[in-house]
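What follows is the residue order along each chain.
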Amino acid sequence: MLSTQQLENCSSFSKELELKQLAKSDRVSIIYIHGTARSGSTIAEIVLSQVADLTIHQPFRGVLQQAGGRFRATKLDFDVDIYDSACGLIVKQINQYLQNNQKIVVVIKELAGFFQPCIWQRWLEIPDKFLFTIREPHIQYMSWLSAMTDKVFQGKGKLQENRDFVISKAQITETSVLSAEWEGTTISCNQFAWNALVDNFYQVKKEISSISSVRKKVAILDLVLLRYKPNIVLKNTLEKLGIKSEINFNNLSKVESNIWDIRDKNRPMVRKANNSNTINPLTTEEVVSLNIFPIKSQQHIQELIPLYLDLLFASDQVYLPSLTELETTELIVVNPFLAYAVALFHLKNQAQVNNWFQTIAKNKSIKIDNFQGSLTIANKTIIGSRLQKLDS
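Quick notes on the rules
Residues numbered from 1 in each chain as written. Predicted model: local features only at pLDDT ≥ 70, side-chain atom pairs only at ≥ 80, totals over all residues. Heavy atoms only, no water. Phe/Tyr/Trp six-rings, centres within 6.5 Å; stacked < 30°, edge-to-face > 60°. Helix = DSSP H or I, 4+ residues; strand = E, 2+ residues; numbered from the N terminus. Buried < 20%, exposed > 50% of the residue type's maximum accessible area, 1.4 Å probe, protein only. Lys NZ or Arg CZ within 6 Å of the ring centre and 35° of its normal. Pairing = 2+ DSSP bridges. Contact = heavy atoms within 4.5 Å. Core = buried A, V, L, I, M, F, W, Y, C linked by side-chain atoms within 4.5 Å.

(A) Representation of the packing of aromatic side chains within the structure. Scanning the model with the defined rule gives 25 aromatic pairs in all. Plain terms: the ring middles of Tyr83 and Phe115 are 6.4 Å apart, the flat faces sit at 75 degrees to each other, and that makes the pair edge-to-face. One end of the pair, Tyr83, is in helix α5 (residues 80–98); the other, Phe115, is in the loop between β3 (104–111) and α6 (117–123), and 32 residues separate them in sequence. Here Tyr83 falls in the buried class, since its relative accessible area comes to 0%. For Phe115, a relative accessible area of 3% corresponds to the buried category. Here the aromatic rings of Phe201 and Tyr202 are separated by 5.0 Å at their centres, their planes lie at 75 degrees, and the arrangement is edge-to-face. What links up through ring pairs into an aromatic cluster is the set Phe13, Tyr32, Phe60, Tyr83, Phe114, Phe115, Trp120, Trp123, Phe130, Phe132, Phe201 and Tyr202. The cationic tip of Lys229 hangs over the ring face of Tyr228; the distance from NZ or CZ to the ring centre is 5.6 Å. Its guanidinium or amino end placed over the ring of Phe345, Lys348 lies 4.1 Å from that ring's centre, counting from NZ or CZ.

(B) Looking closely at unusual backbone geometry. The backbone of Gln58 sits at a positive phi, close to 40 degrees, despite the residue not being glycine. Along the chain, Gln58 falls in the loop between β2 (54–57) and α4 (59–67). The phi dihedral of Lys348 falls on the positive side, at around 60 degrees, and the residue is not glycine. Structurally, the position occupied by Lys348 is in the loop between α17 (336–347) and α18 (350–360).

(C) Seen up close, the pairing of β3. Summarising burial for β3: seven of the eight residues are buried, a large majority. Direction of pairing for strand β1 (residues 28–35) relative to β3: parallel, over a ladder of eight bridges. The partner of Ile31 across the bridge, within β3, is Val107. Looking at chain direction, β2 and β3 are connected through four bridges and run parallel. Of the residues in β3, the one forming a bridge with Leu54 is Val106.

(D) Representation of the side chain of Gln140 within the structure. Relative to the helices and strands, Gln140 resides in helix α7 (residues 137–152). A relative accessible area of 0% places Gln140 in the buried class. Filtering out sequence-adjacent residues up to four positions away, Gln140 remains in contact with Thr36, Ala37, Arg38, Arg135, Asn190, Trp194 and Leu304.

(E) How the structure looks around the nonpolar core. The biggest cluster of nonpolar side chains holds 126 residues, and the ones touching the most others in it are Ile94 and Trp123. With nine residues, the top contributor of residues to this core is α5.

(F) Main features of the pairing of strand β5 (residues 217–222). Buried residues dominate β5, accounting for five of its six residues. Where strand β4 (residues 129–134) lies against β5, six bridges are found, and the strand directions are parallel. Following the sheet pairing, Lys129 is matched in β5 by Lys217.

Written out as structure tokens, the structure reads:
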């Protein structure tokens, strides 16, 4: 295992150094998108491609997969070899565009969980804008479980849309060991990615606050809220990232040509997003309650909830509905857990939220009882966090 000093002196960062030099020049601005799998990071990438000259999709995981995964025969500690090789691919693409452009904007998208902490600390020096994507855990895990069920049972993309099949096989899939690209089980890989996402976010915030000369922009985008209020969410995202451009989210198919991906763009994990022409609105068919999952998956989702709420209510969140908006829209129907959590954040009192929720839900078909275990976690997280702040 390399020590920290050996890592710092490692000659394997030559391509990273080239990329850092490009990023520090006045010719390249890098917008970096970072999220767990199934959190809307690919949709965000497609949308932001409209403001970019070049978009690069998952260069690190792409190189990792082509090299044979985490368990390849020849590798360096912390996947330094993969990291620097991917930096080299990014440099090559950027240099090609700089041949005909004085200044370019580059969007790079990667999944949380690839970067070891020591490598993330190096990477965060490169982009000047960070967009973290999150998704309400019941739905995010359902989507992740569906994708992994399709992988485990070799459905080639056909099984991930069959919720009945996914749930019927959940006890098998949740503990299935995935390919070397992921390294772990369905549950452990997802947990690792969420943990990494939160840690990575706070590392960026620490970097910004500790170095006065750092001028990085940070934003957090929730996929459910993006689909709930796309105009507002995208407008606020651009403002937080300091991007002075407009986006036409109703015509996304035309931007695919400037997205560079070393893997097949039609692979099951990204096929649906890549083939979307617009941001689809939320539907009641997507409602996922805790009790449809096996016990291990339920416990996993409950462990994700505090992590999710931490980022949902961070000051860098691009949009959070007001109580009035919750009362006059259908978010409470299409995602009752998220609506309850937001109401609890505003009211800071569980009894008031329960009364508010019952009043609003009178004329709506909402099965809030199916979320009781999750709501208990939300109450402890939100109210507990508030009490800790008061004590301090």
